[in-house]
Amino acid sequence: MVHSHLNRNISRVFVGRQQELAELSAALDDAMSGQGRLAMLAGEPGIGKTRTAQELAMMAEGRGTQVHWGRCYEELGTPPYWAWVQTMRSYIEQASTEQLAADMGPGASYIAEIVPEIRGKLQELTTPPSLEPEQARFRLFDSITTFLKNAAHRQPLMLVLDDLHWADQSSLLLLEFVAREIETSRILLVGAYRDVEVSRRHPLSQTLGALVREKLFYRVQLQGLTQQEVTEFVQGNVGITLTPEAAGVMHERTDGNPFFISELTRQVPSENITEDPEWASIIPKGVRDGIDGQRTQSRRDCFVRPFRLSHSWDERRDAQGVGSRGPGFPRRRQYPGQLRLCSGRDG
């Protein structure tokens, strides 16, 4: 069974990424043959990291691999190991008591310290002995790794850890530990993160630096869709057939970012995209610079907070520094609504 995260927006047509999927498929092949792998999907917000992971997850499930998802959050109060906890909860929900006891073995009591649902199925568990913090962490990491390896021995296992740029330090340390222990296991770890948010001092940067030397490590960088892929994406997801000119403008303004394309087609009426050549004038070329600037300011902010499709654009453009239409530029039509390239998800 695949975690419900896989089914969200899965009906959207998947376009492009042939080379990336080939690399990920190779990692899946290795993992299924008993050579554990770690694949990291990197790219800007909205570029399609989660959607690519979903496509790989469907591929894996179709080949008999169990898939479980976890997602990191940036909100204060999020418990340590949260993404890992979600993956293990997903497994626990579908495992029988006998299977869970066999897979977790004597380490179940340590894992239950962060996943209390285990005690609901294994009610005879005792409280683990009190240990020094470093010893307790090692016992926990070793118990989780042993559990995952046992589960993968029964059936190949794929774990997806999404939004790793928000992962807490404990989760990243566990990732390093597990990754180094699965080389001979049928486990594929898949991580996804926004590379624009990972500076050299970011905790994830240190984790990547430690893991990149490992033989099992794959890094897959996602770029924007090509102009032809933009045409296919809009046709498949919205049912609009773009003219070459419209596709070119959309590709130029969005750099092929699927989320931005989706927002654009959602906010601009289809008849304007297909019949009105002036629709593109409401998307100033400076918007892309605004996008990049906003990304680095705050992870809580929208992708492009100042960009609206409304009559107020002319009044706000100078103050917000997202470019000018320039002298002699044809007056645009005032389309209803607004385009806020905002998302709590990465897409």
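Residues numbered from 1 in each chain as written. Predicted model: local features only at pLDDT ≥ 70, side-chain atom pairs only at ≥ 80, totals over all residues. Heavy atoms only, no water.

## Side note on the overall build of the chain
And then number 1: Within the chain, the regular secondary structure consists of 15 helices and five strands.
And then number 2: By residue count, 52% of the 347 residues in the chain fall in the buried class.
And then number 3: Taken as a whole, the chain presents about 15,900 Å² of accessible surface, with 48% of it coming from carbon and sulfur. (Helix = DSSP H or I, 4+ residues; strand = E, 2+ residues; numbered from the N terminus. Buried < 20%, exposed > 50% of the residue type's maximum accessible area, 1.4 Å probe, protein only. Areas by Shrake-Rupley, 256 points an atom, 1.4 Å probe, with all protein chains shown as cover.)

## Thoughts on the pairing of strand β2 (residues 66-71)
And then number 1: Among the six residues that make up β2, six are buried, leaving the element largely enclosed by the rest of the structure.
And then number 2: Where burial is concerned, the two faces of β2 agree: the one with Gln-66, His-68 and Gly-70 and the one with Val-67, Trp-69 and Arg-71 are both buried.
And then number 3: Across six bridges, the pairing between β2 and strand β3 (residues 157-162) is parallel. What sits directly across from Trp-69, in β3, is Val-160. (Pairing = 2+ DSSP bridges.)

## Focus: the sheet that holds β3
And then number 1: Pairing is parallel in the open sheet, where five strands are placed in the order β2-β3-β4-β1-β5. Each edge of the sheet is formed by a strand with only one pairing partner; in this case those strands are β2 and β5 (217-221). Direction aside, the axes of adjacent strands within the sheet are offset by 15 degrees on average.
And then number 2: Both strand β1 (residues 37-43) and strand β4 (residues 187-194) contribute to a ladder of seven bridges, which runs parallel. Bridging across to β4, Gly-43 finds its partner in Arg-194.
And then number 3: Relative to the sheet, helix α3 (residues 82-94) contacts β2, β3 and β4, its axis offset from that of β2 by approximately 145 degrees. (Axes fitted to C-alpha atoms, helices over the stretch in contact; angles between N-to-C directions. Contact = heavy atoms within 4.5 Å.)

## So, the packing of aromatic side chains
And then number 1: Scanning all chains against the criterion turns up five aromatic pairs.
And then number 2: Here a set of aromatic residues connected by ring pairs shows up, and it is made of Tyr-81, Phe-138, Phe-141 and Phe-177. (Phe/Tyr/Trp six-rings, centres within 6.5 Å; stacked < 30°, edge-to-face > 60°.)

## Observations concerning helix α4 (residues 97-104)
And then number 1: Residues of α4 that are buried: Leu-100, Asp-103 and Met-104. Buried positions in α4, seen along its axis, are confined to an arc of 85 degrees and lie on one side of it.
And then number 2: On its buried side, α4 packs onto α3, α5 (108-111), α6 (117-121) and α7 (133-154).
And then number 3: Count one or two residues on from α4 and you reach Gly-105, which has phi positive near 60 degrees. (Arc of directions from axis to C-beta.)

## Side note on the confidence of the model for the chain
And then number 1: Across the chain, pLDDT averages 80, with 73% of residues at or above 70.
And then number 2: For the chain, per-element mean pLDDT is lowest for helix α15 (residues 313-320), which scores 33, and highest for β3, which scores 98.
And then number 3: A low-confidence stretch, residues 284-345 stays under pLDDT 50, and its non-local contacts, those more than four residues away or across chains, total 123 contacts. (pLDDT = per-residue confidence, 0-100.)

## Quick word on unusual backbone geometry
And then number 1: Despite not being glycine, Asp-163 has its phi angle at roughly 55 degrees, a positive value.
And then number 2: Within the secondary structure, Asp-163 sits in the loop between β3 and α8 (169-181).
And then number 3: Phi angles above zero are rare outside glycine, and Asp-255 is one such case at about 55 degrees.

## Remarks on the packing of helix α10 (residues 227-238) against helix α12 (residues 258-267)
And then number 1: In the contact formed by α10 and α12, the axes pass within 11 Å of each other and the chain directions differ by 50 degrees. Considered as vectors, α10 and α12 are oriented oblique to each other. Seen from above, α10 lies across α12 with right-handed handedness. Counted together, Val-230, Phe-233, Val-234 and Val-238 of α10 and Pro-258, Ile-261, Ser-262 and Thr-265 of α12 form the full contact between these two elements.
And then number 2: For the contact of α10 with α12, the per-class residue count stands at six nonpolar, two polar and no charged. (Parallel < 35°, antiparallel > 145°, perpendicular 65-115°, else oblique. Left-handed = near helix turned anticlockwise from the far one by under 90°. Nonpolar A, V, L, I, M, F, W, Y, C, P; charged D, E, K, R; others polar.)

## Some points on the pattern of salt bridges
And then number 1: By the definition in use, this model includes 11 salt bridges.
And then number 2: Here the salt bridges do not stand alone but share partners, grouping Glu-176, Arg-180 and Glu-214 into one network. (Salt bridge = Lys/Arg side-chain N within 4 Å of Asp/Glu carboxyl O.)

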